[in-house]
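Here are the chains, one letter per residue:
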Amino acid sequence: MDRSRLNYVIDFILLILFLIVFITGLIKLPILKLHLVVPMQQMTMLHDVSVVLFGVFIIVHLILHWNWIKCMTKNIFKRYNKCKK
C-alpha cells in the first residue's frame, strides 16, 4: 500500500472513531437524558474501546507525519528553513 492510500485509510478510521466517541459521549451525558433510552453498559464499553483505538490511531497518524511535523516546526521558528519533501 502506498503512503497516500495508507494516510487516507488512517484518516478515515480516525473519522469513524471520532464520530463513535463523540456520539457515545453525547448519549452518556446525563443532561440530555438519552442514557434512559440506550443500555449504558454497552454504550460505555463501545465508548471506552473507541477512545483507546482513537488514541492508538492518533499515535500512528503522528508517527506517519513526524517528518512533516518536524519540518513545519523548524519553518515556524526559523524563517528561511526549507524542508525536503
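Up top you'll find the structure we're talking about.
Residues numbered from 1 in each chain as written. Predicted model: local features only at pLDDT ≥ 70, side-chain atom pairs only at ≥ 80, totals over all residues. Heavy atoms only, no water.

1. Regarding the overall build of the chain
Note the cut-off: Helix and strand labels come from DSSP, where a helix needs a run of H or I of at least four residues and a strand needs a run of E of at least two; each type is numbered from the N terminus. To sort residues, take the accessible area from a 1.4 Å probe on protein chains only and compare it with the maximum for the residue type: under 20% means buried, over 50% means exposed, and anything in between is partly exposed. Residue contacts follow a heavy-atom distance rule, with two residues in contact if any of their heavy atoms lie within 4.5 Å. Areas reported as accessible are Shrake-Rupley estimates using a 1.4 Å probe. Residue values count occlusion only from the protein chains shown.
From N to C terminus, the chain includes three helices and zero strands. The 85 residues of the chain split such that 14% are buried. Expressed as a percentage of contacts within the chain between residues at least 6 apart in sequence, the contacts between residues at least 24 apart total 51%. Here the chain displays about 7,100 Å² of accessible surface, and carbon together with sulfur accounts for 72% of that area.

2. Digging into helix α2 (residues 40–64)
Operational definition: Working rule for helices: expected span equals 1.5 Å times residues minus one.
When the terminal C-alpha atoms of α2 are compared, their 35 Å separation across 25 residues agrees well with the 36 Å that a helix rising 1.5 Å per residue should span. Taken together, the buried positions of α2 are M43, H47, S50 and L64. Those residues of α2 that are buried lie in contact with α1 (3–28) and α3 (66–77).

3. Some details on the packing of aromatic side chains
Think of a pair of aromatic rings as described by two things: how far the centres are apart, and how the planes are tilted against each other in angle. Inclusion rule: Only the six-membered ring of Trp is used, alongside the rings of Phe and Tyr, when aromatic pairs are assigned; centres must lie within 6.5 Å, and planes under 30 degrees apart are stacked while those over 60 apart are edge-to-face, with the rest tilted.
Throughout the structure, instances matching the rule amount to three aromatic pairs. Seen from their ring centres, Y8 and F12 are 6.4 Å apart, and the 15° between their planes marks the pair as stacked. Highlighted residues: Y8 and F12, both in helix α1, separated by four residues, approximately one helical turn. Given the relative accessible area of 57%, Y8 is considered exposed. A relative accessible area of 45% means that F12 is categorised as partly exposed. On the numbers, 5.8 Å between centres and 20° between planes, the contact of F18 with F22 is stacked. Remark: F22 and F18 occur in helix α1; sequence separation between them is four residues, near one turn of the helix. Take F18: its relative accessible area is 40%, and that puts it in the partly exposed class.

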